[in-house]
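Descriptive structure summary
Each chain, written out:
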Amino acid sequence: MSQTGTAETLAKQAAKEAGKRGFAPTVLDMAAVTAVQLAQHSNLLVITSTYGDGEPPDNAKALHSELSTFSSQLSTLRYSICALGDTNYTLFCQCGKDFDLRLEKLGATRIAPRADCELDYETAFAAWLDTALTALGSAATHSSLPEPEEKPAYSKQNPYPAPVLAVRNLNAPGSAKEVNHVEFSLEGSGLVYEVGDALGVVPRNCPELVSAIITALGCDGEEAVSTPVGELPLRTALLQHYDLGKPPRDLITLSHLTEAHHVIDVLLNSDVKFSPATFITTLKKLQPRLYSISSSPKAHAGQVHLTVGAVRYDLHGRPRKGVCSTFLAERALAHGTAGVFIHSNKAFRPPTSGDTPMIMVGPGTGIAPFRAFLHERAATGAKGKNWLFFGDQKANTDFLYREELAALQSSGILTRLDLAFSRDQKEKIYVQHRMLETAAELYAWLEAGGYFYVCGDASRMAKDVDAALHKVVETAGKKSPEEAAAYVQSLKTAKRYQRDVY
Ligand SMILES: Cc1cc2nc3c(=O)[nH]c(=O)nc-3n(C[C@H](O)[C@H](O)[C@H](O)COP(=O)(O)OP(=O)(O)OC[C@H]3O[C@@H](n4cnc5c(N)ncnc54)[C@H](O)[C@@H]3O)c2cc1C
Ligand SMILES: NC(=O)c1ccc[n+]([C@@H]2O[C@H](COP(=O)([O-])OP(=O)(O)OC[C@H]3O[C@@H](n4cnc5c(N)ncnc54)[C@H](OP(=O)(O)O)[C@@H]3O)[C@@H](O)[C@H]2O)c1
Ligand SMILES: Cc1cc2nc3c(=O)[nH]c(=O)nc-3n(C[C@H](O)[C@H](O)[C@H](O)COP(=O)(O)O)c2cc1C
């Protein structure tokens, strides 16, 4: 299923098309389905993304784990899987592959081959849906590809060139980090968002990197190359349309190398001389990046704000820059606009009632959606209690939005702020340590119906915070590890434990 909403949107699109073809489809969130219930269905289309290192998204975890030990047969079930993923991850589409294998082992019939979709999923998804629905057989005769949903004028396919209003570094001089607060105008675009949504940003590649690539190819950049949007000068094509990060397999193979970090490393290390046309055909499309929105439309009408950590590191004697985070940091303001679209995330929302307590864990850039949640609660006069756990390296240089948070505290919106600055003392102090220190109160907030939110680093922080949450429930709730796991699972099922991790 879905972590950031793509699979969910596609599932709804699939249901609409299935309805047109005479089926009576139901869209189910995997979190609400058990293996026994699956056995009662006869036709099943599964659309799922993959997270972490080949793991299921949060709302598919329970079913994924249940199916791995399920022993009854699903012999009346006919199914097909559409797996969403990203080939930059080693375990590409692993969750979809797992479901496919497991359903087959349990005796279900695969009626159409699995589709493993890249980030550019539109064509593969449409082809898969057509094949799968045709294979399921239909009462109706309609057999066209799915019609697009009613789309807003601006979308991922047609991003809005949003004026860049401000880019402000949130760190003080001397910081090892560079996090920028970025503001765009959405005035007149017709784009609307809710707190919890993400913004897609279309970046441009670094002009110096593009020049280095053109030089390494022995070109001057004026050579005409054919691209999906027509014929363009090589320089324009490289600046705007192609991913110059991790080299695609085709480029590695043609260059007779075994591996390389970036496309430029291939050109500098290979003896093969590429023509601009051959080179271009090996490259993948430059993809937009998603950022958790850090503003509330109720507090900043007509604007959308982001909190973006600049990715910079050195490798093999060459400074490397993350494409989008440094485009925003260095060039977006001067460029004037950036292509943006709203990426809705219904799985990450403040409680419907403004009276419900919120516990928010957002170290580093993970603070982004919680700034939005807090501003929203201030703007709507919501009375519920709000508790934020924030952390970063050093209080003096990395206390993001310090003044704003102080103002939200003074006005009574931010009830409690617990800080974890990891490098202000010898031993590391992280947000999860603060959670454990305040276990009794945290548990009391949960018992009072509180919602628990986590945003930020997926690979380390979110896992440790999850473990800490289990510990809090165990110690303060006097529960066994199994009882604590059931308690946390019940929070997830009730959508009171929501994560936006990346
Ligand atoms: C739903 C969602 C919400 C997000 N919200 C935010 C947010 O609010 N704020 C935010 O800052 N980011 C956020 N991100 C992350 C963001 O989308 C980008 O991934 C991030 O900005 C990096 O993109 P980039 O184009 O700058 O870097 P890229 O060009 O994509 O480069 C990043 C890649 O560089 C490599 N790399 C990085 N560091 C090193 C190193 N030290 N050594 C070797 N290789 C390295 C890794 O392969 C990494 O994947 C979010 C992501 C998602 C999916
Ligand atoms: N995979 C990686 O190695 C890596 C490293 C850095 C950033 N990132 C990515 O960079 C983006 C932005 O990161 P960011 O700079 O905003 O935040 P960040 O790197 O997550 O740092 C924010 C704070 O979290 C601390 N932290 C480190 N490990 C933690 C853990 N296991 N549990 C709890 N807190 C932990 C950091 O401490 P210390 O820095 O003192 O350890 C720092 O104080 C994210 O996408 C993140 O995934 C990834
Ligand atoms: C933190 C993170 C981890 C991911 N891990 C994987 C992975 O291991 N394998 C993969 O194929 N795709 C991975 N992806 C890509 C997602 O599966 C892909 O973006 C998908 O379209 C998201 O769909 P959703 O919006 O429905 O969650 C990852 C994405 C993120 C942000």
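None of these values were measured; they are calculated from a predicted model.

**What to know about the overall build of the protein**
The helix and strand tally for the protein stands at 18 helices and 19 strands. A compact globule built from 502 residues should have a C-alpha radius of gyration of about 23 Å, and the protein, at 24 Å, falls within 12% of that. In terms of principal-axis extent, the alpha carbons of the protein reach across some 65 × 65 × 45 Å. Residue burial in the protein is summarised as follows: out of 502 residues, 49% are buried. Taking the intrachain contacts of the protein between residues at least 6 apart in sequence as the baseline, contacts between residues at least 24 apart amount to 73%. Surface exposure of the protein reaches about 22,700 Å², of which carbon and sulfur atoms provide 53%. In the protein, the 51 positive side-chain charges and the 55 negative ones have mean positions that sit 2 Å from each other.

**Some details on the site of ligand 3**
Around ligand 3, the surrounding shell holds 21 residues, and the nearest of these are Ser-2, Thr-4, Thr-6, Thr-50 and Cys-93. Note that an oxygen atom of ligand 3 is positioned 2.7 Å from one of the side-chain N or O atoms of Thr-6. Ala-7 places a polar main-chain atom, nitrogen or oxygen, 2.7 Å from an oxygen atom of ligand 3. Considered on its own, ligand 3 offers 650 Å² of accessible surface; in the complex 90% of this is hidden by protein. Classifying every residue of the shell around ligand 3 by side-chain character gives nine nonpolar, ten polar and two charged.

**Some details on the nonpolar core**
Core analysis: the biggest nonpolar cluster contains 39 residues, and Ile-47, Leu-67, Leu-74, Phe-99, Leu-103, Phe-125 and Trp-128 have the highest contact counts within it. Looking at this core, the elements that each hand over two or more residues are α1 (6–20), α2 (35–39), β1 (43–48), α3 (61–69), β2 (78–84), α4 (94–105), β4 (115–117) and α5 (122–136). It is α5 that contributes the most residues to this core, six residues altogether. Apart from the residues within four sequence positions on either side, Leu-103 is in contact with Leu-38, Leu-44, Leu-67, Leu-74, Leu-77, Tyr-79, Ile-81 and Ala-108. Core analysis: the second largest hydrophobic core is formed by 28 residues, Val-361, Trp-387, Ala-420 and Met-461 among them.

**Considerations on the environment of His-335**
Position of His-335 relative to the elements: it lies in helix α11 (residues 323–335). According to the relative accessible area criterion, His-335 is partly exposed, its value standing at 39%. For the pair formed by His-335 and Leu-446, sequence separation is 111 residues and the distance between their alpha carbons is 46 Å.

**Here we look at the sheet that holds strand β6 (residues 179–185)**
Read from one edge of the open sheet, six strands run β10-β7-β14-β5-β6-β11, paired in antiparallel fashion. Edge positions in the sheet fall to β10 (289–292) and β11 (303–309), since each of these pairs with one other strand and no more. The average angle at which neighbouring strand axes cross in this sheet is 40°, direction not considered. Summarising the sheet, strand β7 (residues 198–202) and strand β14 (residues 337–343) pair through five bridges and their orientation is antiparallel. Each residue of the ladder has a partner; that of Val-201, found in β14, is Val-340. On top of the sheet, α11 reaches β5 (160–169), β6, β7, β10, β11 and β14; it is set at about 100° to β5, its chief contact.

Reading the values: rules and limits
- Residues numbered from 1 in each chain as written.
- Chains lettered and ligands numbered in written order.
- Predicted model: local features only at pLDDT ≥ 70, side-chain atom pairs only at ≥ 80, totals over all residues.
- Heavy atoms only, no water.
- Helix = DSSP H or I, 4+ residues; strand = E, 2+ residues; numbered from the N terminus.
- Rg over C-alpha atoms; globule rule 2.2 N^0.38 Å.
- Buried < 20%, exposed > 50% of the residue type's maximum accessible area, 1.4 Å probe, protein only.
- Contact = heavy atoms within 4.5 Å.
- Areas by Shrake-Rupley, 256 points an atom, 1.4 Å probe, with all protein chains shown as cover.
- Lys, Arg positive; Asp, Glu negative; His and termini not counted.
- Charge placed at Lys NZ, Arg CZ, Asp CG, Glu CD.
- Near = heavy atom within 4 Å.
- Polar contact = N/O pair within 3.5 Å; in protein donor to acceptor, adjacent residues only side chain to side chain.
- Nonpolar A, V, L, I, M, F, W, Y, C, P; charged D, E, K, R; others polar.
- Core = buried A, V, L, I, M, F, W, Y, C linked by side-chain atoms within 4.5 Å.
- Pairing = 2+ DSSP bridges.
- Axes fitted to C-alpha atoms, helices over the stretch in contact; angles between N-to-C directions.

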